[in-house]
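Structural features, examined
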Amino acid sequence: MEFRQLISKLIELEKNVGDNQIYFIVNGLMNCLKLRAGLDQDMIDLTKDLLQKLKLSKNILDIATMQGVDPMQLIYLLAHYTFMVINAKWLRNVYLSYFYQRVPHDIQFQISQLHRKIELVDPQFHATSVHVMKASKELSRSPLTFVPEKNKYIVAEFVDSLLGALRQILDFHITFMVPVQDHILNLHEGVKSISILLHVKQENFNALPDKMKDHIGVVIIDLGIVICSISVNEIKHGLAKGTDLAISRLVKDLQFVMQEVAQTHPPSSSSLRFPRTNELGSIDFFLENLQEIATSEAGSIASPKDQIQIIQEDLLFLRSFLQKIAKQRNQNVKFQALWDGAMEVAYKAEFVIDSVALGDRLECLDTVAGDIKHTKTEALKVSDSIRNDDEAQRVANNSIHFKSQLSTLALNEVLVGLDEEVKTIADRLTRGSNQLDIVSIVGMAGLGKTTLANTIYHHPSILGHFHFRAWCTISQVYSKQNLLVQILSSIGSGSHDQYIKMHEDDLVVTLFQLLKRNRYLIILDDVWDIGAWNLLERSLPNDANGSRILFTSRIENLSLQFKSDSQPHHLCHLSDKECLELLLRKIFGKEDCPPTLIKVLMQVANKCKGLPHTVVIFAGILSRIEPDCWQEFADSLNSNTSNSTEPLELSYIHLPEYLKPCLLYIGAFREDQDIPVRKLSWLWISEGFVQKIEGKSLDDVAEDYLKDLIGRSLVMVTEQRTLAGAKICRLHDLVHEFVVAKAKKESFLQISYGSNDLLQISNWGDDLSTSTGPSPHRLCMYSMSGKELAMSRPFFPGLRCLLYFGYACMGSEKLHDGPIWFLKSKLLRVLDFRDMLISGNFPSELLLLVHLRYLAISLWYSASIPSAIDNLSRLHTFLVGGNAVARLPNTIWNIKTLRHLRRTESPQSSGSTLGHQRNKTFPPSGFTLPTRDIENSPNLDHLDSFSLAINCFGEQLQKILKKLPSIRRLKCVHADAGNQTGIVKLDSLSRLESLQLHRFYGCKFEVPMNLKKLTLSRNKWPWSEISTIGKLPNLEVLKLEKKSFMGEKWEMQEGEFSKLRFLELSRLNLCNWTAYNSDNFSHLEKLVLYSCLRLEEVPLCLGESSTIEMIEVEFCRKSLVSYVEQIQQEQMEMGNQDLKVVITHAI
């Protein structure tokens, strides 16, 4: 009876939470755990373990008591519970001793002793818990009673403790095999679903039939029995057959339950958080994946192909239907509802089918197929009412009229830093050819294009030169009539109202006759496409009298559509000093600024990023608040303060749909972060944003996309490639702010700056692994430490893309051996964790992410890639950071989709500046490829770029190269740092364009004749070998870096380097460099000389080159600088005033 009384007393105490010491002990420990900074990791782990076992044992006691188990059967479990409570109280006091700095000197010994005690009683706890749970099942008529409400709460808490126990198994038992881990993870997902049902979706649970509730009760009791029975040894060495079967049965039961719930209450689109950007493009990408499944080899993708083929056919119809209503849906409620419904079922279908490929959610396929069939039926009902979109758009364009905006322009707008710009453009307008000519001003929003154009419009030299001047604002929506009315209102004698009443044909005749035989200037402001010019061109006579068209646009290459040889005028950003000057003029006019305010105004000016538009906005704010509040305003400024959302919103709306996700994706990168263009392109391709175009590679199409965004002034180029194209880009702060907000609003991308943000995104308490919030589609995490990341346990089942960016100014973080929770999101397509060094072996969890298309990681040690890597059969891009050679397994040949297989620098040594690249001292790295049974291995037909560590020559090397028929960019390093002989024979690579060769001491080489770019370093070849390179007929770029050639003299021979456009000599011991004649430089555009400390001169015949545009000299002798300056003088005498010479640190 004593034990019965003790149990009754404990239960009584539980009813009165205010007097419950156990409650305060547990909550005190949890609070201490949240403030764990500076605590020993062993103590933190011990606290977690103790709290978990305390919660589980208490909840088992509650369940058993609720079910009517004889209290005498609870004696041993109660004893265990009491043991945990006593030790929890002791541990809480230890935390308090840390707080009051009265820590016992033997605290580590005491903690280790407590660890030992818990380990000793753990087996008994498992056995006792199983015994009690079985008693609960056997003695109860109904497995679990969910009425009254208190019982439902007890069951929900019990399920939560089971979820915690599974999470603890996954956290602390890290050595178990991947199949076991996968098994436990599936169970975890099922228990989590039950937890969400009982905690968050109670209305769904209440609506279930009583029979299903009873079944859930049985499943929960069985879950308790199985989870409590799992031992540590089982986890480490594999599950016993009985346990394995029990888990499999429970997973199926849980899937059955969730299927029943889903049929009664299907998930809403808001809970799935589907992106709303380029929705038709998303369906296209999904249809491509379905086609891939349909044509895949048997067994390569586990899915019921017949059922999927039906889904594919119905989706093809819906795709066509959605295209037809794309423009009309905004004006038609029924169309919009159909659009939303179709997109929702398409995203659900993708989620389910990708899950089916993992052996999951097969039971949901029928439901999804039925939803798509129903949506198709609804679409068929309204398909006859669809108008032709082109006709609708024509009607809309012709019915829109705009007032001339000339009157709204600020004629006295303050100008700063534009004097030279005005002079340059005015000269282009008033001089040159007598034929009608077109001049353009391009630049991003906020730079002052309209202000500059307006100043020119009223400039004295313009006023005295042209007979007629007209201003026409185009914007994104226009009609021919509206454009004609604007121009005539500027120059004609009639009023705007008179012209607006005229017929369009009469307007054309009136304008043509008015301008005939007169010199005119027409300014077209805010031009978005060539359409406006096409409408006006025939109305504007060309009398060969010097008439001009000046237009402003954010789109750089638009001028080429007006005129093929056009040279647009790029408007530059203001300097911080010019921003301050403009700020002062806008606030104080001609009055002086009090000296005490200069500092704070400079702070504000620095935040304007050179944008006049932002300066004007800030000036307007400051002029309306008291000066003593200015410092507070300045301190509050950051990149998201300046409001340029209106022009940016307009620019975004006008983007083609396929460019919108590309722009939003750039928002994942840090503000002001330099973004490697190739990496960005590969990410776009892996996400399915880049459309296939006949005759072009996906990389080339992605490059065109970026050029388009740059031309629209939405993306800035911060570093050019050697000859042409962008190498590094970034977003302006204002654009970045807009893009991040838009991406979040459209559920396209979520950004987390720490664990608190992750919790907010997950919408759930203190533990991400039990998140009940909608899973984000894409997630970017900034600056979380390895420890913080491990503790937060981010887990989002529906996540498709995960990007991690480390601290901007610090070394990279390390993620130590252990469970990596973010890798449990098995639907990931993109994973970039290169900024987080993984300490230890290649993570086995990665091998389960079968949908990956892009994978970038960094390994701390030299590591082999596991043979199971071919599980990732859809991988396009595989980047492995590190400075050592990595070994690829034989199975790499099975990943036929590979396009880019690269070894990248470790995060600590990465950088984008040219100076950094020239000074790098870390050894280049690469992959070694296996040659065993290589003849029977498939080719990597799509591999475009590769980092190859060569450890064989002759026939073996040729066998490898035969497997890479499509290589365009290849970096080769010698796998052995020692001097070895051999022939690097690469001439069979017929498509190779760019080649790097590093550390081939004493080796000969043969390269393909089609090579365009060659980079050499640390090869120590004699200069006599360079003649082979000089004879390459298509070579345009040559970079000779440290120790590429050894010797004091380089003599260029006749006929060599006939197509060379870029030459870099870096850190060479060269003393004497001569050329045969100027033909060696007949196409040279740029010469870079860096740290060639012994070089005294350059070939003087370089001065005869008619193509040279730039010479950079850094860390070289003054005598060499003198020769370069002499060349510059010769070029000026030849009429080349544009040769740019940059001299830095002459020695």
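Cut-off values and rules
- Residue numbers run consecutively from 1 along every chain, following the written order of its sequence.
- Note on the predicted model: pLDDT of at least 70 is required for a residue's local features to be given, and 80 or more for side-chain atom pairs to be given and counted; whole-chain, interface and lining totals, by contrast, use all residues.
- To obtain the side-chain values, all non-hydrogen atoms of the structure were included, while hydrogens and water were left out.
- By the criteria applied, helices consist of DSSP H or I runs no shorter than four residues and strands consist of E runs no shorter than two, each listed in order from the N terminus.
- Note on classification: 1.4 Å probe, protein chains only; a residue is buried when its accessible area is under 20% of the maximum for its type, exposed when over 50%, partly exposed between these limits.
- The contact rule is simple, with two residues in contact once any of their heavy atoms fall within 4.5 Å.
- What sets the accessible areas is the Shrake-Rupley method with a 1.4 Å probe; for residues, cover comes only from the shown protein chains.
- The length a helix should cover is 1.5 Å for every residue beyond the first.
- Axis geometry follows a simple rule: fit a line to the C-alpha atoms, using only the stretch in contact for helices, then measure angles between N-to-C directions, giving values from 0 to 180 degrees.
- Roughly parallel means an angle under 35 degrees; roughly antiparallel, over 145; roughly perpendicular, 65 to 115; everything else is oblique.
- If you view the pair so one helix is near and one far, a crossing is left-handed when the near helix is turned anticlockwise from the far one by less than a right angle, and right-handed when it is turned clockwise.
- When residues are sorted by character, Ala, Val, Leu, Ile, Met, Phe, Trp, Tyr, Cys and Pro go into the nonpolar class, Asp, Glu, Lys and Arg into the charged class, and all the rest, Gly among them, into the polar class.
- The rule for pairing is simple: two strands pair if DSSP sees at least two bridges between them.
- In what follows, salt bridge is the name for a side-chain nitrogen of Lys or Arg lying within 4 Å of a carboxyl oxygen of Asp or Glu.
- By definition, the arc is the one covered by directions from the helix axis to the C-beta atoms.
- Surface patches are defined over residues having more than 30% relative accessible area and no salt bridge, joining like charges when they lie within 9 Å and nonpolar side chains (Val, Leu, Ile, Met, Phe, Trp, Tyr) when within 5 Å.
- Ring pairs are drawn from Phe, Tyr and Trp, using the six-membered ring of Trp, whenever the two centres fall within 6.5 Å, and their geometry is named by plane angle: stacked under 30 degrees, edge-to-face over 60, tilted for the rest.
- Only when the NZ atom of a Lys or the CZ atom of an Arg is both within 6 Å of the ring centre and within 35 degrees of the ring normal do we say a charge sits over the ring.
- Definition used in this section: a nonpolar core is a set of buried Ala, Val, Leu, Ile, Met, Phe, Trp, Tyr and Cys residues joined via side-chain atoms within 4.5 Å.
- Any pair of N or O atoms that falls within 3.5 Å is considered a polar contact. Within protein, one atom must be able to donate a hydrogen and the other to accept it, and sequence-neighbouring residues count only if both atoms are side-chain atoms.
- Each residue carries a pLDDT score, the predictor's own confidence in it, on a scale running from 0 to 100.

Description of the overall build of the protein
Counting its secondary structure elements, the protein contains 40 helices and 33 strands. Relative to its full complement of 1147 residues, the protein shows a buried share of 53%. When contacts within the protein are restricted to residue pairs at least 6 apart in sequence, long-range pairs at least 24 apart make up 68% of them. Roughly 50300 Å² of accessible area belongs to the protein as shown, and the carbon and sulfur atoms make up 51% of that amount.

Comments concerning helix H9 (residues 210–229)
The terminal C-alpha atoms of H9 lie 29 Å apart, and with 20 residues this matches the ideal 28 Å at 1.5 Å per residue to within 8%. Of all the 20 residues making up H9, 14 are buried; the element is thus mostly covered by neighbouring parts of the structure.

Digging into the environment of Asn434
Mapped onto the secondary structure, Asn434 falls in the loop between helix H18 (419–430) and strand E1 (437–442). Each C-alpha atom of the pair Asn434 and Asp543 lies 8.5 Å from the other, and the pair is 109 residues apart in sequence. Those residues within four positions of Asn434 in sequence are excluded, and the remaining contacts are Ala544, Asn545, Gly546 and Ser547.

Here's the deal with the environment of Glu279
Inspection of the secondary structure puts Glu279 in helix H13 (residues 279–295). Sequence spacing of Glu279 and Asp340 is 61 residues, and the spatial spacing of their C-alpha atoms is 9.9 Å. Sequence-distant contacts of Glu279, defined by excluding residues within four places in its chain, comprise Arg329, Trp339 and Met343.

Quick word on the packing of helix H14 (residues 305–325) against helix H16 (residues 365–382)
The interhelical angle for the contact between H14 and H16, taken along N-to-C directions, is 30°, at an axis separation of 10 Å. By the angle class used here, H14 and H16 are roughly parallel. Classified by chirality, the crossing of H16 by H14 is left-handed. Of the residues in H16, those in contact with Gln307, Ile310, Ile311, Asp314, Leu315, Phe317, Leu318 and Phe321 of H14 are Leu365, Asp366, Ala369, Ile372, Lys373, Thr375, Lys376, Ala379, Leu380 and Val382. In the contact of H14 with H16, the residues fall into twelve nonpolar, two polar and four charged.

Overview of the sheet that holds strand E6 (residues 675–676)
Paired through their backbone hydrogen bonds, the strands of a sheet run either parallel or antiparallel. The sheet built from three strands is open, its strands ordered E6-E8-E7 with antiparallel pairing. With partners counted over all chains shown, the strands left at the sheet margins are E6 and strand E7 (716–720), one partner each.

So, the pattern of salt bridges
Between side chains of opposite charge, pairing is possible as soon as their charged atoms come close. This structure, assessed with the given rule, holds 38 salt bridges. Between Arg778 and Glu687 there is a salt bridge whose closest N-O contact spans 3.2 Å. Separated by 91 residues along the polypeptide, Arg778 in strand E10 (residues 778–782) and Glu687 in helix H32 (residues 677–687) bring together distant segments of the chain. Just as Arg778 is buried, Glu687 falls in that class too. The closest approach of N and O atoms between Lys1049 and Glu1051, which form a salt bridge, is 2.7 Å. In this structure, a network of salt bridges that share partners links the residues Asp700, Asp944, Arg968 and Arg969.

What about H16?
One full turn of an α-helix is made of 3.6 residues, so residues set three or four places apart face in the same direction. Compared with an ideal rise of 1.5 Å per residue, which puts 18 residues at 26 Å, H16 spans 27 Å between its outermost C-alpha atoms and is within 8% of the ideal. Within H16, the full set of buried residues consists of Leu365, Val368, Ala369, Ile372, Thr375, Ala379 and Val382. All buried residues of H16 project into a common sector of 145° when viewed along the axis, lining one side. Among the exposed residues of H16, those oriented more than 90 degrees off its buried face are Asp366, His374 and Lys381. The elements touched by buried residues of H16 are H14 and helix H15 (333–356).

Brief notes about unusual backbone geometry
Backbone geometry at Ser747 places phi at a positive 55°, although glycine is not the residue there. Checked against the element boundaries, Ser747 lands in the loop between helix H34 (733–745) and strand E9 (750–752). Residues other than glycine seldom take positive phi values, yet Lys1020 does so here, at roughly 55°. Relative to the assigned elements, Lys1020 resides in the loop between strand E24 (1013–1017) and strand E25 (1021–1022). On the accessibility criterion, Lys1020 (42% relative accessible area) is partly exposed.

Some remarks on a nonpolar patch on the surface
Judged by side-chain polarity, Leu1093, Phe1115 and Ile1147 come together as a nonpolar surface patch covering roughly 270 Å² of accessible area. Within the element layout of this structure, Ile1147 appears in the segment after strand E33 (1140–1144).

Regarding the packing of aromatic side chains
All told, the structure shown has 21 aromatic pairs when counted by the stated rule. Plain terms: the ring middles of Tyr665 and Phe689 are 5.5 Å apart, the flat faces sit at 75° to each other, and that makes the pair edge-to-face. Here Phe689 lies in the loop between H32 and helix H33 (698–711) and Tyr665 lies in helix H31 (residues 660–666), a separation of 24 residues in the sequence. With relative accessibility at 7%, the residue Phe689 sits in the buried group. Through a chain of ring-to-ring contacts, the aromatic side chains of Phe1005, Trp1021, Trp1023, Phe1045, Trp1050, Phe1057, Trp1073 and Phe1081 assemble into a single cluster. Residue placement shows Arg329 over the ring face of Trp339; its charged tip is 3.8 Å from the ring centre. Seen from the ring of Tyr1001, Lys1020 lies directly overhead, with NZ or CZ sitting 5.0 Å from the centre.

Comments concerning the sheet that holds strand E3 (residues 520–527)
As summarised here, the arrangement of the five strands in space is E2-E3-E4-E1-E5, forming an open sheet in which the pairing is parallel. Edge strands, defined here as strands with exactly one partner in the open sheet, are strand E2 (468–473) and strand E5 (569–570). As judged from the six bridges shared by E2 and E3, these two strands associate in the parallel manner. Residue pairing in the sheet places Phe468 in a bridge with Tyr520 of E3.

Some remarks on the nonpolar core
Of all hydrophobic cores here, the largest spans 100 residues; its most connected members are Phe946, Ile1029, Trp1050 and Trp1073. If sequence neighbours within four positions are ignored, Trp1050 has contacts with Trp1023, Ile1026, Leu1040, Phe1057, Leu1063, Leu1065, Leu1070, Asn1072, Trp1073 and Thr1074. Among the nonpolar cores identified, the runner-up in size contains 69 residues, and Leu521, Cys662, Leu680 and Leu879 belong to it.

Things to note about the packing of helix H21 (residues 480–491) against helix H23 (residues 504–515)
Put simply, H21 and H23 touch, their axes get as near as 10 Å, and they point 35° apart. Read as a crossing pair, H21 and H23 show a hand that is left-handed. In contact with Lys480, Gln481, Leu484, Val485, Ile487, Leu488 and Ile491 of H21, H23 contributes Glu504, Leu507, Val508, Thr510, Leu511, Leu514 and Leu515. Looking at the contact of H21 with H23 residue by residue, the classes come out as ten nonpolar, two polar and two charged.

Points about the environment of Gly341
Looking at where Gly341 falls in the secondary structure, it is placed in helix H15. Expressed as a C-alpha distance, the spacing of Gly341 and Ile372, which sit 31 residues apart in the sequence, is 9.2 Å.

Regarding the pairing of E1
Taking burial as the measure, the six residues of E1 include six buried ones, the bulk of the element. What you see with E1 is no split at all: Asp437, Val439 and Ile441 on one side and Ile438, Ser440 and Val442 on the other are buried throughout. Bridging between E1 and E5 involves two bridges; their strand directions are parallel. Along E5, the bridge assignment pairs Val442 with His570.

So, the pairing of strand E19 (residues 945–950)
Counting buried residues in E19 gives six out of six residues, a clear majority hidden from the surface. Burial along E19 is two-sided: Ser945, Ser947 and Ala949 and Phe946, Leu948 and Ile950, pointing in opposite directions, are all buried. Relative to E19, strand E17 (residues 900–904) is paired through two bridges, and the arrangement is parallel. Counted as the bridge partner of Leu901 is Phe946 from E19. Note that E19 and strand E20 (residues 969–974) share six bridges and pair parallel.

Some details on the side chain of Arg903
When you line up the elements, Arg903 lands in strand E17. Among the polar contacts listed, one links the side chain of Arg903 to the backbone oxygen of Gly881, at a separation of 3.2 Å. With residues up to four places along the chain from it excluded, the contact list for Arg903 reads Val880, Gly881, Gly882, Asn883, Ala884, Val885, Ala886, Ser925, Gly926, Phe927, Ser947 and Lys971.

With respect to the confidence of the model for the protein
For the protein, the mean per-residue pLDDT works out to 78, and 77% of the residues sit at or above 70. Note on residues 908–917: pLDDT is under 50 here. Beyond four places in sequence and across chains, it has 20 contacts.

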